[in-house]
Amino acid sequence: MTEILYFTFIILLITRIFGELATRLGQTVLVGELISGVLLGAAVSNFPEYFPILSDLEHNDVFHAFKEFGIFFLMLLAGMELNAKELLKASHRGVLIAFFAILSAVVFSGVLGHFFIPDSLENKTVYTFLIAIVTSITAVPILIKSLFDLNLMKKEFVKVMVSAAFFAEIMSLILLTFILKLIETNTFPDAAGVYAII
């Protein structure tokens with residue numbers, strides 16, 4: 001119990017301090033929280049002897065539960081703020097935007113992959129697509145937190161934005177699973193395999 005209180009206090013304190021600093025510098029709270037996470041993670045991994053409890057968080061089930069609950073409550077709050085009917089109405093534009101977002105990521109990453117991934121690497125094309133899919137995945141909870149911080153949740157364009165991010169996430173995750181299966185088996189999955197992936 002003491003460990004739970006300790007790491008909860010430390011994480012909340014550090015993120016709150018950096019969030020406040022970010023706000024004073026004209027940024028969203030999320031920017032400060034992300035920076036605090038990177039810095040705290042780097043400090044813990046490089047100096048584990050100074051953070052004995054925090055260095056073991058990766059294997060702590062309670063911490064993982066907290067993390068999942070945090071994402072769940074953030075999405076729940078977004079669901080309460082957004083009108084489901086209006087979100088559904090915006091979904092046809094969201095699907096189109098998501099498709100073009102993924103397509104542009106694939107094209108851009110394909111160009112980068114062509115120049116930066118060595119030709120000696122086996123399955124260069126597959127790995128190029130893997131990079132493209134990973135870069136196209138939208139972090140919906142982070143987007144929603146940013147919109148909350150900027151007080152934009154009630155704006156009309158936010159419905160299209162959240163809808164596009166949601167569909168982009170689904171499409172990207174399906175494509176990512178497909179690419180990983182391709183790397184694992186070195187063959188395209190059959191119809192039953194594609195169905196299982198989806």
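Values in this document were obtained by computation on a predicted structure and should not be read as measured data.

Counting 8 residues, the largest nonpolar core consists of Val140, Leu143, Ile144, Leu147, Met153, Val158, Val162 and Ala165. Elements represented by at least two residues in this core include exactly α7 (140–149) and α8 (156–185). Sorting elements by how many residues they give to this core places α7 first, with 4 residues. Ranked by size, the runner-up nonpolar core spans 6 residues in total, among them Val126, Leu130, Ile133 and Leu176.

Before going further, it helps to examine the packing of helix α2 (residues 29–46) against α7. A pair of packed helices is characterised by two quantities: the angle between their axes and the separation of those axes. At a minimum axis distance of 8 Å, the contact between α2 and α7 shows a crossing angle of 135°. Classified by the angle between their axes, α2 and α7 sit oblique to one another. For the pair formed by α2 and α7, the contact residues are Val29, Leu30, Glu33 and Leu34 on the first element and Ile142, Lys145, Ser146 and Asp149 on the second. Among the residues making up the contact of α2 with α7, the classes are represented as 4 nonpolar, 1 polar and 3 charged.

Overall, the coordinates contain 2 aromatic pairs when judged by the stated rule. Seen in terms of ring centroids, Phe99 and Phe100 are 5.4 Å apart; in terms of plane orientation they differ by 75°. Their pairing is edge-to-face. According to the relative accessible area criterion, Phe99 is partly exposed, its value standing at 45%.

Another aspect to go through is the pattern of salt bridges. Should their charged atoms come close, side chains of opposite charge can pair. As enumerated under the stated definition, the model contains 2 salt bridges in all. For Glu20, the salt bridge is made with Arg16, and the minimal N-O distance between the two is 3.3 Å. Of the two residues, Glu20 and Arg16 both sit in helix α1 (residues 2–24), 4 residues apart, roughly one turn of that helix. The partly exposed category is assigned to Glu20, whose relative accessible area is 31%. Given a relative accessible area of 49%, Arg16 falls into the partly exposed group.

Parameters at a glance
- Residues numbered from 1 in each chain as written.
- Predicted model: local features only at pLDDT ≥ 70, side-chain atom pairs only at ≥ 80, totals over all residues.
- Heavy atoms only, no water.
- Core = buried A, V, L, I, M, F, W, Y, C linked by side-chain atoms within 4.5 Å.
- Buried < 20%, exposed > 50% of the residue type's maximum accessible area, 1.4 Å probe, protein only.
- Helix = DSSP H or I, 4+ residues; strand = E, 2+ residues; numbered from the N terminus.
- Axes fitted to C-alpha atoms, helices over the stretch in contact; angles between N-to-C directions.
- Parallel < 35°, antiparallel > 145°, perpendicular 65-115°, else oblique.
- Contact = heavy atoms within 4.5 Å.
- Nonpolar A, V, L, I, M, F, W, Y, C, P; charged D, E, K, R; others polar.
- Phe/Tyr/Trp six-rings, centres within 6.5 Å; stacked < 30°, edge-to-face > 60°.
- Salt bridge = Lys/Arg side-chain N within 4 Å of Asp/Glu carboxyl O.

No statement about biological role is implied by the geometric values presented.
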